[in-house]
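These are the residues of each chain, in order.
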Amino acid sequence: MKPPPFRYHDPRTLAETVTLLGTLENAKLLAGGQSLMPMLNMRFVLPDHLIDLNKVAGLAHVEAEGRTVRIGAMTRQRDLERSALLAAKLPIIPAALAHVGHLQTRNRGTIGGSLSHLDPSAELVTVCAALDATVTVAGPGGTRAIPFSEFPLGYMTPATGLDEIVTEIVFEAWPAGHGFGFAEYARRHGDFAIVSAAALLAFRDDGRIGRAALVLGGLEPVPTRLSAIEAALAGETPSEELFAELCRPCAELEAMGDALVPASYRRHLAPVMARRALARAAGIAAAAIH
Ligand SMILES: Cc1cc2nc3c(=O)[nH]c(=O)nc-3n(C[C@H](O)[C@H](O)[C@H](O)COP(=O)(O)OP(=O)(O)OC[C@H]3O[C@@H](n4cnc5c(N)ncnc54)[C@H](O)[C@@H]3O)c2cc1C
């Protein structure tokens, strides 16, 4: 199928982009096109205007100052996957990207596009929730920062206004030597996850867990933060038995069902993915200590 007719705009600056967004009726931003183009071709979206971000200066970067890491919205997923800076500061991002689509889709797909598309199973969405990222958006009124806990409003609905653009995602890196684990179940490698889990663990000097983050993706329309498990992990000695026991109640969580995957199957996967992600994180944190 071919997309419906639209007018194409090719701005070079963020200011120009924001002006276009603020003045054009029914406009869509084009980033890597890996989700938008299929949506256009299938006529799920019918914009009158397409604003291409690919030549807008200043939107693709990975920078760090101390523990703060800034990623430009137009940074390609493949560049994040291969970034030495991310491997050192936010290693869960490259680990999760190994599960995202294919080399070809990662070459074009961007972090800002993935977060804005907000598929419930998108790996970057799950990971940004676990990392407590902050999303910076720009619009006619200036810029504002949205904590990731407030970014997904509902099914594929980000908290960005129609006249706003995601410009940057900001992270506070966990301490050096922290553990990270990403686990997912998908029918085939490269498919969207049915259920995924992202875990981060920081150990205390005595080998017990000091801090934990655990998020499930794909279970509900928005990421499922497992705050009760995070709290229960603090102060404990990590073990497979502990992770299995704490994650067991995930089988009772609310879950979506659809024509292909019933809610009961997602609930079945939830504790399995959660404990696998925790076990991977614990293994990495333990190896960093020894
Ligand atoms: C075969 C295939 C397999 C895939 N598998 C996976 C997978 O396993 N996991 C996964 O997560 N994804 C997967 N994807 C999707 C892919 O990763 C996309 O890159 C991603 O969903 C969208 O990023 P994009 O840069 O291509 O955005 P686009 O497709 O260009 O845009 C997506 C949406 O975001 C909006 N948007 C884009 N940038 C901005 C911005 N800066 N500010 C505000 N709004 C913006 C657009 O208007 C549009 O609504 C797959 C895609 C394909 C084709």
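Quick caveat, the model's predicted, so the values are computed rather than measured.

*Asks:* Help me understand the pairing of strand β7 (residues 142-147) in this model?
*Replies:* Within a regular strand, side chains alternate between the sheet's two faces. Where strand β6 (residues 134-139) lies against β7, six bridges are found, and the strand directions are antiparallel. By the bridge assignment, Val-137 is partnered in β7 with Arg-144. Taken together, β6 and the strand that follows it, β7, pair antiparallel across an intervening segment of two residues.

*Asks:* What's the story with the site of the ligand in this structure? I'm lost.
*Replies:* Surveying the vicinity of the ligand reveals 30 residues, the closest of which are Leu-29, Gly-33, Ser-35, Leu-36 and Thr-110. The contact in question runs from an oxygen atom of the ligand to an N or O atom on the backbone of Gly-32, over 2.9 Å. When the ligand is considered free in solution it has 970 Å² of accessible area, and contact with the protein chains removes 88% of it. Broken down by secondary-structure element, the contributors of at least two residues to the shell around the ligand are β2 (27-30), α7 (111-117) and β10 (165-172). For the shell around the ligand, the element with the most residues is α7, which contributes four residues. Grouping the constituent residues of the shell around the ligand by class yields 11 nonpolar, 16 polar and three charged.

*Asks:* Whenever I open this one, the sheet that holds strand β5 (residues 68-72) confuses me. Can you help?
*Replies:* Strand pairing in a sheet relies on backbone hydrogen bonds, with the paired strands running either antiparallel or parallel. The strand order across the open sheet built from five strands is β4-β5-β10-β6-β7, with neighbouring strands paired in antiparallel fashion. Both outer strands of the open sheet, β4 (62-65) and β7, are each paired with one neighbouring strand and no more. Pairs of neighbouring strands in the sheet enclose a mean axial angle of 25 degrees, with direction left out of account. Across five bridges, β5 lies against β10 in antiparallel orientation. Each residue of the ladder has a partner; that of Thr-68, found in β10, is Glu-172.

*Asks:* Looking at this structure, I do not really get the side chain of His-99. What am I missing?
*Replies:* Note that His-99 resides in the loop between α5 (92-97) and α6 (103-108). When near neighbours in sequence (up to four residues on either side) are disregarded, His-99 contacts Glu-123, Phe-182, Glu-184, His-189, Gly-190 and Asp-191.

Reading guide: rules and limits
Residues numbered from 1 in each chain as written. Predicted model: local features only at pLDDT ≥ 70, side-chain atom pairs only at ≥ 80, totals over all residues. Heavy atoms only, no water. Pairing = 2+ DSSP bridges. Helix = DSSP H or I, 4+ residues; strand = E, 2+ residues; numbered from the N terminus. Near = heavy atom within 4 Å. Polar contact = N/O pair within 3.5 Å; in protein donor to acceptor, adjacent residues only side chain to side chain. Areas by Shrake-Rupley, 256 points an atom, 1.4 Å probe, with all protein chains shown as cover. Nonpolar A, V, L, I, M, F, W, Y, C, P; charged D, E, K, R; others polar. Axes fitted to C-alpha atoms, helices over the stretch in contact; angles between N-to-C directions. Contact = heavy atoms within 4.5 Å.

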